[in-house]
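Survey of secondary and tertiary structure
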Amino acid sequence: MRLHRGYAALTIALLAIELAIALFLHDPIVRPYVGDALAVVLVYAGLRAVTSAGVLPATLIAFAIAVVIEFGQYFRVLAAIGLDHDRFARMILGSGFDPKDFIAYASGAVAVLLVER
């Protein structure tokens, strides 16, 4: 394990942006779609900050994590483990399945690949 300071700083900045979106924005575009795309970028940056994973593997892992979380929403995992009323858990893991979110996740992954190129 290693620490890449640039990616660590990006992770912290993206986390702050994601928290601000989750806490203060209640619009039909930025919160649900831009926030989801940024979530993939956030996970990617976090992976690159603490692992030696390359661009493509880290991007694919970040995308896969987003997809797993989305399917967790479909299967109501938070309710199954008793966290469906926990605001923090709902903010981090989401609260409702939306198939359009997969487009947002893919957009975030493509953005990562384009920027890293």
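The structure we're discussing is the one just above.
Because the structure is predicted, anything quoted here is derived from the model rather than measured.

Here the focus is the overall build of the protein chain. The helix and strand inventory of the protein chain stands at 6 helices and 0 strands. When the helices and strands of the protein chain are read in sequence order from the N terminus, they spell out α-α-α-α-α-α. In terms of overall size, the protein chain behaves like a compact globule, its C-alpha atoms giving a radius of gyration of 14 Å where 117 residues would be expected to give roughly 13 Å. Overall size of the protein chain, expressed as C-alpha extent along the three principal axes, is 35 × 30 × 25 Å. In the protein chain, buried positions account for 30% of the 117 residues. Here the analysis covers contacts within the protein chain between residues at least 6 apart in sequence; of these, 66% occur between residues at least 24 apart. By element, 72% of the accessible surface of the protein chain is carried by carbon and sulfur atoms, the whole surface being about 7,300 Å².

With that out of the way, let us pick up the packing of helix α1 (residues 5-24) against helix α2 (residues 30-50). Two numbers describe a pair of packed helices, the interaxial angle and the distance between the axes. Remark: α1 packs on α2, axes separated minimally by 9 Å, with the N-to-C direction vectors making an angle of 155°. As far as their axial angle goes, α2 and α1 are roughly antiparallel. Here α1 runs over α2; the crossing is left-handed. Contacts between α1 and α2 involve Y7, A8, L10, T11, L14, L15, I17, E18, I21 and A22 on the former and, on the latter, V30, R31, G35, L38, A39, V41, L42, Y44, A45, G46, R48 and A49.

Another aspect to go through is the side chain of E18. Mapped onto the elements, E18 comes out in helix α1. Despite its burial, E18 pairs with no opposite charge, the nearest such side chain being R31 at 8.5 Å. For E18, the contacting residues outside a window of four places in its chain are G35, L38, A39 and L42.

Here the focus is the nonpolar core. Counting residues in hydrophobic clusters, the biggest one holds 16 residues, and the most contacted among them are Y7, L14, V40, Y44 and A62. Listing elements by their share of this core, those giving two or more residues are α1, α2, α3 (55-74) and α6 (101-116). Sequence-distant contacts of Y7, defined by excluding residues within four places in its chain, comprise Y44, A45, R48, A49 and E116.

What is expected of a backbone is that most residues other than glycine have negative phi and most peptide bonds are trans. One non-glycine residue, R76, lies in the positive phi region at around 55°. When you line up the elements, R76 lands in the loop between α3 and α4 (77-80).

The next thing to look at is the packing of α3 against α6. It is the contact of α3 with α6, at a shortest axis distance of 10 Å, that shows an interaxial angle of 170°. With respect to α6, the axis of α3 lies roughly antiparallel. Crossing hand, α3 versus α6: right-handed. Together, V55, L56, T59, F63, A66, V67, E70, F71 and Q73 of α3 and D101, F102, Y105, A106, A109, V112, L113 and E116 of α6 make up the contact between the two elements. When the residues that make up the contact of α3 with α6 are grouped by side-chain class, the tally is 12 nonpolar, 2 polar and 3 charged.

Conventions used here
- Residues numbered from 1 in each chain as written.
- Predicted model: local features only at pLDDT ≥ 70, side-chain atom pairs only at ≥ 80, totals over all residues.
- Heavy atoms only, no water.
- Helix = DSSP H or I, 4+ residues; strand = E, 2+ residues; numbered from the N terminus.
- Rg over C-alpha atoms; globule rule 2.2 N^0.38 Å.
- Buried < 20%, exposed > 50% of the residue type's maximum accessible area, 1.4 Å probe, protein only.
- Contact = heavy atoms within 4.5 Å.
- Areas by Shrake-Rupley, 256 points an atom, 1.4 Å probe, with all protein chains shown as cover.
- Axes fitted to C-alpha atoms, helices over the stretch in contact; angles between N-to-C directions.
- Parallel < 35°, antiparallel > 145°, perpendicular 65-115°, else oblique.
- Left-handed = near helix turned anticlockwise from the far one by under 90°.
- Lys, Arg positive; Asp, Glu negative; His and termini not counted.
- Salt bridge = Lys/Arg side-chain N within 4 Å of Asp/Glu carboxyl O.
- Core = buried A, V, L, I, M, F, W, Y, C linked by side-chain atoms within 4.5 Å.
- Nonpolar A, V, L, I, M, F, W, Y, C, P; charged D, E, K, R; others polar.

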